[in-house]
Amino acid sequence: METQFIREFLVLSELCNYRAAAEQLFVSQATLFKHIKRLEEKIGVPLFTREGKRIAISPYGQLFLPYASQMLRLENRFAKEVDTAFPRDSEVILIGTQYRVTDLITDFLRLHDRWQLRTIEGGGLEELLYREQCELVFARNPDLRNGTYRYLPYTRDCLAAILPVAHPLAKRANVALKDLRQETFVALSGNSEDRALGYCQQAGFSPKVVMTAAPGTEVARLVSEGIGVSLLNKNVIRRTVSFPVAVVEIYPKIPFDIYLCWRTDVPLSPGAKCFTDFVQQRADTL
């Protein structure tokens, strides 16, 4: 099974748009469509369904998502070990992330074609840096007090309620979590689900989750169709989602900071150092 096809499946499952996914992957829409079809033929099930002019990830695709992520993670770990044992002119930089940084990475690669970047999503800071052997990690609100890590502030975001546009609260400037206590929720699967919905429990209620999905764009699509409401990163959703949803900030505000972190006991490779310099130039002011 071609890992390139799996990587393309993951990008398409997040964006649910062939044009946008093809641009991000630097392939033509026709090529991407053929690759997805070949992957579906190999697996034997449809990974996407068409709804009018839009596509959506199918139940089979939802089932395949964690396996696809794991296959790429194993490939990344193997590539890292190979590159460590047998250095090449084109260096691979392994980056872990708890926040969507696709645009940043794409811009870096356009300027620095000597390097290759591989990303691993999810997981804790220590897990990504030590077990997965990432050189760099974009971490959400990391504990930086013990001096274990070097770091750069990257950006600040906040939690927002993602609502159908016809929802009674959709035109509000902000909304309290307690105002959502009677709602049904579409949640991100994995650690992100625990983090966001944990805020609901702090507000005094346990959210009723009727569906989960891996990428935030897929969650937003389900919200747009009236399945429920969700809690996602405000800036990411506003930048990436084309579905008709309302993005309403939570009050009191629930902000979080994203830092680029790396270990103090291991020197950065030239490629990783080049990337940190690039991030420092691009980073938002916290």
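Describing the state of the cysteines
Thinking step 1. Scanning the entire structure with this criterion turns up zero disulfides.
Thinking step 2. Cys134 takes part in no disulfide bond, and the closest cysteine sulfur, belonging to Cys261, lies 12 Å away.
Thinking step 3. Here Cys200 is not disulfide-linked; the sulfur of Cys158 is the nearest cysteine sulfur, at 15 Å.
Thinking step 4. According to the relative accessible area criterion, Cys200 is buried, its value standing at 0%.

Observations regarding the packing of aromatic side chains
Thinking step 1. Evaluation of the coordinates by the stated rule reveals nine aromatic pairs.
Thinking step 2. Ring centres of Tyr151 and Tyr259 lie 5.5 Å apart, and the angle between their planes is 85°; on these two criteria the pair is classed as edge-to-face. A residue pair is termed long-range when its members are at least 10 positions apart, and Tyr151 in strand β6 (residues 149–164) and Tyr259 in strand β12 (residues 255–263) qualify at 108 residues.
Thinking step 3. Owing to a relative accessible area of 41%, Tyr151 belongs among the partly exposed residues under this scheme.
Thinking step 4. Among the aromatic residues, ring-to-ring pairing joins Phe108, Phe138, Tyr154, Phe275 and Phe278 into one connected group.
Thinking step 5. Above the ring of Phe256, the side-chain terminus of Arg140 is found at 3.6 Å from the ring centroid.

Details of helix α2 (residues 18–25)
Thinking step 1. Those residues of α2 lying buried are Tyr18, Ala21, Ala22, Gln24 and Leu25. Relative to the axis of α2, the buried residues are bounded by an arc of 165° and lie together on one face.
Thinking step 2. Close packing links the buried residues of α2 with α1 (3–15), α3 (29–43), β1 (48–51), β2 (54–57) and α5 (102–111).
Thinking step 3. Between a side-chain oxygen at the N-terminus of α2 and the backbone nitrogen of Arg19 the separation is 3.0 Å; the capping residue is Asn17.

Observations concerning the environment of Leu32
Thinking step 1. Of note, Leu32 is situated in helix α3.
Thinking step 2. Leu32 sits in the buried class, given a relative accessible area of 0%.
Thinking step 3. Here the alpha-carbon distance between Leu32 and Asp107, two residues 75 residues apart in the chain, equals 21 Å.
Thinking step 4. Among residues more than four places away in sequence, those in contact with Leu32 are Glu8, Tyr18, Ala21, Ala22, Leu25 and Val27.

A few points about the pattern of salt bridges
A side chain of one charge can pair with a side chain of the opposite charge if their charged atoms are brought near each other.
Thinking step 1. Here the structure, examined in full by the defined rule, presents 13 salt bridges.
Thinking step 2. Residues Arg110 and Asp107 are paired through a salt bridge, measuring 3.4 Å at the closest nitrogen-oxygen approach. Pair noted here: Arg110 and Asp107 are both in helix α5, with a separation of three residues, about one helical turn.
Thinking step 3. Look at Asp107 and you get partly exposed, because its relative accessible area is 24%.
Thinking step 4. When the shortest N-O distance is used, the salt bridge between Asp107 and Arg282 registers 3.0 Å. Here Arg282 lies in helix α10 (residues 270–282) and Asp107 lies in helix α5, a separation of 175 residues in the sequence.
Thinking step 5. Residues joined by salt bridges that share partners form a network here, namely Asp107, Arg110 and Arg282.

Focus: helix α8 (residues 216–224)
Thinking step 1. Most of α8 sits inside the fold, with eight of its nine residues counted as buried.
Thinking step 2. Within α8 the residues assigned to the buried category are Thr217, Glu218, Val219, Ala220, Arg221, Leu222, Val223 and Ser224.
Thinking step 3. Following α8 by one or two positions, Gly226 adopts a phi angle in the positive range, close to 85°.

Considerations on a nonpolar patch on the surface
Thinking step 1. Taken together, the side chains of Leu63, Tyr67 and Met71 make up a nonpolar region of the molecular surface, amounting to roughly 330 Å² of accessible area.
Thinking step 2. Following the sequence through the fold, Met71 ends up in helix α4 (residues 59–85).

Quick notes on unusual backbone geometry
Thinking step 1. With an omega of -5°, the peptide bond running from Tyr251 to Pro252 counts as cis.
Thinking step 2. Along the chain, Pro252 falls in the loop between β11 (245–250) and β12.
Thinking step 3. One non-glycine residue, Asn141, lies in positive phi territory at about 45°.
Thinking step 4. Mapping Asn141 onto the fold places it in the loop between β5 (136–140) and β6.

Here is what the cut-offs are and how they apply
- Residues numbered from 1 in each chain as written.
- Predicted model: local features only at pLDDT ≥ 70, side-chain atom pairs only at ≥ 80, totals over all residues.
- Heavy atoms only, no water.
- Disulfide = S-S within 2.5 Å.
- Buried < 20%, exposed > 50% of the residue type's maximum accessible area, 1.4 Å probe, protein only.
- Phe/Tyr/Trp six-rings, centres within 6.5 Å; stacked < 30°, edge-to-face > 60°.
- Helix = DSSP H or I, 4+ residues; strand = E, 2+ residues; numbered from the N terminus.
- Lys NZ or Arg CZ within 6 Å of the ring centre and 35° of its normal.
- Arc of directions from axis to C-beta.
- Contact = heavy atoms within 4.5 Å.
- Polar contact = N/O pair within 3.5 Å; in protein donor to acceptor, adjacent residues only side chain to side chain.
- Salt bridge = Lys/Arg side-chain N within 4 Å of Asp/Glu carboxyl O.
- Patch = residues over 30% accessible without salt bridge, like charges linked within 9 Å, V, L, I, M, F, W, Y side chains within 5 Å.
- Areas by Shrake-Rupley, 256 points an atom, 1.4 Å probe, with all protein chains shown as cover.

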